[in-house]
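Structure assessment
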Amino acid sequence: MRLTALIVAATLWLAPALAFAEGQAAQIIAENRDQIEKPSRQTIGPVITALAASGDPMADDILSAWADKRLVIRKADNALLLATPDGDGLSLSALDGTPAGTATKADLTELKPNAGVRGLIAAALVQFTLTDPDPARRAAALTSIARDPTAETLEPLRAAIETETDPALKAQKQRLERFLTLRFDPDPEARVAAIESLGSDTALDVRAALNPLVATTRIAGAGAPQGQNVARSLTIGRDLNDSEAYALLVAANLAPARLTLQEQRDALLANVVNGTIGGIPVAELNTQAARDRAYTALEAAGTVAAAATDDEAKAALAAHRFFDVYVEPDPTVTDAARAALTRIDRKVSVMQAADLGLDALSLAAIFFLAAIGLAITFGVMGVINMAHGEFITMGAYTGFVVQLFVPDYTLSILIALPLAFVVTFGAGVAMERLVIRHLYKRPLETLLATFGISIALQQILKNVFGTQARPLTAPGWLDGSLTFNDVVSISYIRIAIFVLALVFLMFFLYLMKRTRLGLEVRAVTQNPAMAASMGINPDRINMLTFGLGSGIAGIAGVAIGLYAKVTSEMGADYIVQSFMTVVVGGVGNVWGTLAGATMIGSLQKLIEFLNPSNTLAAQTYMILFIILFIQFRPRGIIALRGRAAGD
Amino acid sequence: MTALLEVSGVSVTFDGFRAINNLSFSIGAAELRAIIGPNGAGKTTFMDIVTGKTRPDAGTVSFGERSLSLLGMNEAQIAREGVGRKFQRPTVFEDQTVEANLILALKAPRSPWRVLFCKPRQSDLARVRELADEVGLGDHLQRKSGELSHGQKQWLEIAMLLAQEPRLLLVDEPAAGMTPAEREHTTALLVSLAKTRAVVVVEHDMEFIRRLNCRVTVLHEGSVLAEGSLDHVTRDPQVISVYLGRG
Amino acid sequence: MTSPSSVRKYPTGGAGGVKPPAFTDSPSLFARNPSVLIFIACLAAFTLAVTLMSEAFGAGVISTSFVKTLGKTLCLCLVALAMDLIWGYAGILSLGHMAFFALGGYMIGMWLMYARTEEIVVTALSQGGLPATPEEISQGIATQIFGVVGSSDLPLIWSLAHSLPLQLSLALAVPGTLALVFGWLAFRSRVTGVYLSILTQAMTLALALYLFQNDSGLRGNNGLSGLQNLPGLDGTSQDIVSIWFFWASALALGLGYLTLSWVVSGKFGSVIRAIRDDEARVRFLGYPVEVYKLFLFTLTALIAAIAGVLYYPQAGIINPAELAPIASIYLAVWVAIGGRGRLYGAVIGAAFVSLLSSLFTSGRLPDIAFGPVALSWVNWWLVILGLAFVAVTLFAPKGIGGLFDRFQNLRTPDRKGAPLGPDDGSLQEQEAQQ
């Protein structure tokens, strides 16, 4: 054993001198043949290192073959050979690479190194792959090191940086070298320097590299732990509870395990004597106190093992102290890592706020799209349209039907947007003519009638399209997302929806402020009688306005369908939020709708961020907030004031 | 005579438009007062402020012997203090009988609990009949008030105001749409009411005001332009220029 | 006050003449409203008939499950009465009353489930050799009830669930407090009309979403189940229990009808109808309109909660879907179809529509064939209901109750072209401003 180690050490030192020494590998293997045939993780290390360092061009092949179970012994002559699958059989070659004929599996004994040994071989192989002529293989090696960093890879990696020619790979190697240095370098100063060189880089891999340095374990002891890197001292009641602390004591063999209620029960049941346990009748053991008494009686009699009492447990807890200690022993390293993580966390928070802002904007855009049609019918005409949600659904289904006939997604969306407008515009005009026209000035009855229409429409859509979700696929160029860094990104679909919302805002403003129709709509809104006397036909205006609001709902449906699932109930999911958007923003004002959507979108995202596990709760709190908000601003954020507001 | 209602330094702004500008006004406990002024002079806003519908930006409104501030109170509390208001258009509860309308208005506890267990006493019913007879609706007690004519609704509303027994009555253009005979009748009613309480009449019709024969307050751009007898104010050159001259 | 006696009578009024009898001359509620007696008689006859035809006490013509359906329908009629009071009489279209109904159900469901689980747990533990300790029992109950949402602790809100009287008082206190707080917030800021409707709908949605969470303490979307089994009554068959609940529901409906008839017939009824028709005018008469609304909102919430307490033991299961906003909308649909503003209209509407609904959605009716296409009632019932509802709103605002007017040949008040219905108050208010 010791002899081989010496030889190996010698070869290791000689290796650079014997560069390109053909046959060196074969020689090392020959010298350590026993170990290679039956390798153990503890002892094979030096052999593998020697092979890797031999400089023999065959070493790479031999190690790879060994790891792949292709290093075989020919039963006939007990020769160690490399095997390569070749058709049904195997072609063989000697350790110096010369061909050695073919064989079948039956002729050969495979060497089967265990997982530990294969790990060592793989680490040794790294230096070959890191300098492999093929850049793809070098990149793959870097990825595999990054995924599972080990101390062994540090040196080969450093060695491979110099010779790297590809600048991207070189940068990657340098970055990885720093990650490995900060974890595995024997010199603490080098590690601290590596940590500090990272600055406040927010990339995920930086945080992944730093986090293991500040990992802690929880220990218990009579006094302060000696020679360990203490992260903090723990207080029972604040940092951990009694039972957790006691469990630590038990784990450290500092206290006996406590009796669980189930064990107590089993022990009592095992000692029933004449209907009594420890002198207490079984029927009286219906309280915990009685059971404790019975168990104490049994302990006194010696029939059961003594268990720690509450007092003993308390005393044990009081006699010990509890600590979180770093797995990493060096305090300078942990301090540096902690400081770096704090720096990074601070920067990440800023990034997250930015990301949250983007999310909120895109949600606001969706709410705005869903609500703007409603803002027109409700805000401008004072008509409540509870079937608005179903118009959104109709728009989405229009998109689905178009995609059935037009397979090109880009083209189909371009057709679907105007078609959805036409379909829901028609539905809106029909509804206005048939129902709502008769109910002007009776808002509650309009609300009810449109409910009826909503119930009927939703069921009709369900009957036609079924209950399962239908796909509405976005064109390929909308796939993926715009990524700024590991924290901040936004999907292209959401950007598209945002742009669409902006377009609608512009369109609406243009329509209301710059066109004849907008002028007439505003005139009818403010004073229908006067408008009628000036030659404006209020019937026509109402019809067009309602159709417009409904048509926009249809377009919003296509947009929403692109990222949400299209079901007959999808519109209903948006109706309450849409109303809230309009009401919170202030009725009768497109800027109000925009403000309402922005506020509701941001708030919802904020609540989701504060309570990420529970989107249902977010919606609950959202609605509660809105109810409270209306207390303080009953007319919404942007309110019409004075006489024009009515009372 | 001590003032029943004292309005001082009140201002209201709607969207930058000063509807009432540093207005001061007071009326005694048994006084008839007419308020005139061009459109937009702030007549209706003034009534809104007194009845609690509009909250002024500045100023004080105090009422009664204890000089109760009306500013912190809502419409219902102010009405219970004894301020009655008659709108220009008759607003009665058309779905209910004349009798039910009058019982609603009758001075009595207003809280839900008291109303729930309230059972009209014979004296209340007698008072309702008396009021109905007074305004000529004695035969119509059991008719739905929606079936009444426009003029009858006006009278029903006046009877409701009387049933409320207000100490201050604000009347908005009572003569609008009335026949000369009805006007005469209304004039007599208002004059007799003013013997026991304060009555403020907002009116455009100079002839009607002349017949009321009372002090007149002229409002212009939210503040008092002139005050005094009708003859006095109609001689005022300012009044003539802003109001009478145009009319 | 001294009457202005100097004033002549109004010239057009005919002097003298026989005065018609005033409504306050006849003191009895029944004499004033014969429909109350008729209704109580019909309800009693119906209860007797169902009892005599039930499996438990009679011929067995009616199956137990149908007795339960009828009992549940009576509870729905009761909540429809509450809806009629708040909407038909006071003009407040609340879309949240089914939330109060379901909250009542949840509260009684907590006791039913707790007590029933306690029985099971005690039985199971007593077979283990040792009598169970209180800790073991409560641990066992918690595991049984909350295992399904991955918890084994009894939440704080269950701390009264062991006691029927306490939990029953919660069944009133929880919906009542919610209605009081919500109503106070909403009415205080003068939220009216459609705004109020949407706000109540939002409240319902918020509550439903909250209950859908697993950590809401009420078993998330699993809801509470097994409520038809009454604790301590293992030996009693569901045939008998169903009749008991049917009786209780009929009694509650009868009492509710009497109470509400009394409430709406006197001066109080006059005030709330006045609020419906012209809120501002009522304020100027000195009535604290907001207090009235809050009183009504809370009262009707309590009635809805009582209906829920009786309904869910018959339904056997309650889950957050029961609070979905659509449930409250159906409530409005029933009342509108039955005829709002009259109590029997609400009862007729609720009974008629909910029984038709259960008939059409039961799947027992044969499909209608239109050539090759077969239309199933289950799929098209909601379409019919929705469109029927639109038609009622447009063409028959008085609903089925309007038919009774025709029978009695009662003349409707001529409102000079002004639309009927509760919501024109706000318009008049606007006009009053001008």
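Counting from 1, residues in each chain are numbered in the order their sequence is written. Each chain takes a letter, starting from A, and each ligand takes a number, starting from 1, following the order in which they are written. Whole-chain, interface and lining totals are the exception, using all residues; otherwise, since this is a predicted model, local features are given only for residues with pLDDT of at least 70 and side-chain atom pairs are given and counted only at 80 or more. Working from all heavy atoms in the structure, the side-chain values ignore hydrogens and water.

Another point: the overall build of chain A. Each helix is a run of H or I in the DSSP string that is no shorter than four residues. Each strand is a run of E no shorter than two, and both are numbered from the N terminus. Looking only at helices and strands, chain A has 26 helices and 12 strands in total. For a compact globule of 647 residues, the expected C-alpha radius of gyration is about 26 Å, and chain A comes in at 38 Å, more than 25% above that figure. With the C-alpha coordinates of chain A rotated into their principal frame, the extents come out at 115 × 85 × 50 Å. Burial classes: relative accessible area under 20% of the type maximum marks a residue as buried, over 50% as exposed, and values in between as partly exposed (1.4 Å probe, protein chains only). The proportion of buried residues among the 647 residues of chain A is 47%. A separation of at least 24 residues holds for 68% of the contacts in chain A among residues at least 6 apart in sequence. On chain A, roughly 30,600 Å² of surface is accessible, and the fraction owed to carbon and sulfur atoms is 60%. Once the 53 positive and 59 negative side-chain charges of chain A are each reduced to a mean point, those two points are 12 Å apart. We compute the radius of gyration from the C-alpha atoms alone; for a globule the expected value is 2.2 Å times N to the 0.38, where N is the number of residues. Contact between two residues is taken to exist if any of their heavy atoms lie within 4.5 Å; hydrogens are not considered. Using a 1.4 Å probe, accessible areas were evaluated by the Shrake-Rupley method; residue-level cover was limited to the displayed protein chains. For this count, His and the chain ends are skipped, Lys and Arg are scored as positive, and Asp and Glu as negative. Lysine's charge is taken at NZ, arginine's at CZ, aspartate's at CG and glutamate's at CD.

Regarding its fold elements, chain C presents 16 helices and four strands. Expressed as a percentage of the 434 residues in chain C, the buried residues total 54%. Restricting the contact set of chain C to residue pairs at least 6 apart, pairs at least 24 apart contribute 76%. As displayed, chain C offers around 17,300 Å² of accessible surface, 65% of which is attributable to carbon and sulfur atoms.

So, on to the domain arrangement of chain A. Taken as a whole, chain A is organised into domain 1 (2-126), domain 2 (131-214), domain 3 (259-307) and domain 4 (349-645). Where a domain begins and ends is set by an automatic assignment or by a domain database. On a C-alpha basis, the centres of domain 3 of chain A and domain 4 of chain A stand 69 Å from each other.

Residues and elements named next belong to chain A. The patch calculation keeps residues exceeding 30% relative accessible area without a salt bridge and links them within 9 Å when they carry like charges or within 5 Å when they are nonpolar (Val, Leu, Ile, Met, Phe, Trp, Tyr). Whenever a carboxyl oxygen of Asp or Glu lies within 4 Å of a side-chain nitrogen of Lys or Arg, that contact is scored as a salt bridge. Judged by side-chain polarity, L411, I415, L419, V422 and V423 come together as a nonpolar surface patch covering roughly 380 Å² of accessible area. Mapped onto the secondary structure, V422 falls in helix α18 (residues 409-434). On the basis of relative accessible area, V422 is assigned to the exposed category, the value being 54%.

As a further point, take helix α16 (residues 331-380) of chain A. Residue and element names in this part refer to chain A. The span expected for a helix works out to 1.5 Å for each residue beyond the first. Spanning 50 residues, α16 covers 68 Å between terminal C-alpha atoms, matching the ideal 74 Å at 1.5 Å per step. Bend, in this description, refers to the angle at a residue between axes fitted to the seven residues ending there and the seven starting there. Along α16, the sharpest kink reaches roughly 35 degrees, centred on A371. Two residues or fewer after α16 comes G382, characterised by a positive phi angle close to 70 degrees.

Before going further, it helps to examine the packing of aromatic side chains. Pairing of aromatic side chains here covers Phe, Tyr and the six-membered ring of Trp, requires ring centres within 6.5 Å, and sorts the geometry by plane angle: under 30 degrees stacked, over 60 edge-to-face, intermediate tilted. Under the definition given, this model contains 23 aromatic pairs over all chains. Cluster of aromatic residues (ring-pair linked, three or more members): W113 and F117 of chain B together with W262, F268, Y287, Y292 and F295 of chain C. Residue placement shows R85 of chain B over the ring face of F284 of chain C; its charged tip is 5.6 Å from the ring centre. Note on geometry: a ring has a charge over it if NZ (lysine) or CZ (arginine) is within 6 Å of the ring centre and within 35 degrees of the ring normal. For R110 of chain B, the ring lying beneath its charged end belongs to Y287 of chain C, and the centroid distance is 4.3 Å.

All names here are of chain A. A strand pair is defined by DSSP finding two or more bridges across the two strands. In space, the five strands of this open sheet follow the order β4-β3-β2-β1-β5, with antiparallel pairing throughout. What marks the edges here is a single partner per strand, and that holds for β4 (99-103) and β5 (108-110). Ignoring which end each strand starts from, the neighbouring axes of this sheet average 40 degrees apart. Here strand β1 (residues 71-74) runs beside strand β2 (residues 79-86); their pairing, made up of four bridges, is antiparallel. Pairing of I73 across the sheet is with L80, part of β2. Orientation is described by axes fitted as lines to C-alpha atoms, over the contacting stretch for helices, and by angles from 0 to 180 degrees between their N-to-C directions.

Residues and elements named next belong to chain B. Of note in the backbone geometry, E165 takes a positive phi value of approximately 50 degrees without being a glycine. By the element assignment, E165 lies in the loop between α6 (150-164) and β7 (168-172). For E221, which is not a glycine, the phi torsion comes out positive at approximately 45 degrees. Structurally, E221 can be placed in the loop between β9 (215-220) and β10 (223-228).

Residues and elements named next belong to chain B. β9 sits mainly inside the fold: five of its six residues count as buried. Direction of pairing for strand β3 (residues 32-36) relative to β9: parallel, over a ladder of four bridges. Residue A34 lies in a different strand from β9, and its bridge partner there is V216. Here β9 runs beside β10; their pairing, made up of five bridges, is antiparallel. Residue V218 lies in a different strand from β10, and its bridge partner there is A226. Hairpin connection, β9 to β10: the antiparallel pair is bridged by two residues, and E221 has positive phi, about 45 degrees.

With the rule as written, the count across this model stands at 38 salt bridges over all chains. Put simply, E136 of chain C and R291 of chain A hold a salt bridge, and the shortest N to O gap is 2.8 Å. A residue pair is termed interchain when its members come from two chains, as with E136 of chain C in helix α5 (residues 134-146) and R291 of chain A in helix α14 (residues 288-301). By relative accessible area, R291 of chain A is classed as buried at 1%. The shortest N-O distance in the salt bridge between K153 of chain B and E94 of chain B comes to 3.1 Å. Taken together, the positions of K153 of chain B in helix α6 and E94 of chain B in the loop between β6 (83-86) and α3 (98-105) put the pair 59 residues apart, joining distant regions of the chain.

All right, on to the packing of helix α3 (residues 64-89) of chain C against helix α13 (residues 343-360) of chain C then. Residue and element names in this part refer to chain C. With their axes 8 Å apart at the nearest point, α3 and α13 run at an angle of 135 degrees to one another. One way to sum up the angle between α3 and α13 is to call them oblique. In the packing of α3 onto α13, the handedness of the crossing is right-handed. From α3, T69, L70, T73, L76, C77, A80, L81, D84 and Y89 reach across to α13, where they touch L343, A346, V347, A350, A351, S354, L355 and S358. Of the residues that constitute the contact of α3 with α13, the class distribution is 12 nonpolar, four polar and one charged. Convention used here: angles under 35 degrees read as roughly parallel, angles over 145 as roughly antiparallel, angles from 65 to 115 as roughly perpendicular, and any remaining angle as oblique. In this scheme the crossing of two helices becomes right-handed for a clockwise turn of the near helix relative to the far one and left-handed for an anticlockwise turn of less than a right angle. Side-chain classes are defined by residue name, with Ala, Val, Leu, Ile, Met, Phe, Trp, Tyr, Cys and Pro counting as nonpolar, Asp, Glu, Lys and Arg as charged, and the others, Gly among them, as polar.

So, about the packing of helix α7 (residues 193-212) of chain C against helix α12 (residues 325-338) of chain C. Residues and elements named next belong to chain C. Packing of α7 against α12 brings their axes to within 8 Å, and their N-to-C directions diverge by 140 degrees. As summarised for this structure, α7 and α12 are arranged oblique, according to the angle between their axes. For the pair formed by α7 and α12, the contact residues are Q201, T204 and L205 on the first element and P325, S328 and I329 on the second. Class assignment for the residues of the contact of α7 with α12 results in three nonpolar, three polar and no charged.

All names here are of chain A. Relative to the helices and strands, R147 is located in helix α7 (residues 135-147). On the accessibility criterion, R147 (65% relative accessible area) is exposed. Measuring from C-alpha to C-alpha, the distance between R147 and A208 comes to 10.0 Å, with 61 residues separating the pair along the chain.

Turning our attention to the sheet that holds β3 of chain B. Residue and element names in this part refer to chain B. Strands sit in the order β6-β7-β8-β3-β9-β10 across an open sheet of six strands; the sheet is mixed. Edge positions in the open sheet fall to β6 and β10, since each of these has one partner strand only. Adjacent strand axes in the sheet meet at a mean angle of 20 degrees, parallel and antiparallel pairs treated alike. Bridge count for β7 against strand β8 (residues 198-202) is five bridges, and the pairing is parallel. Its bridge partner being in β8, D172 is matched across the sheet by V202. Its contacts with the sheet put helix α1 (residues 43-51) on β3, β6, β7, β8 and β9, and the angle it makes with β7 is roughly 150 degrees.

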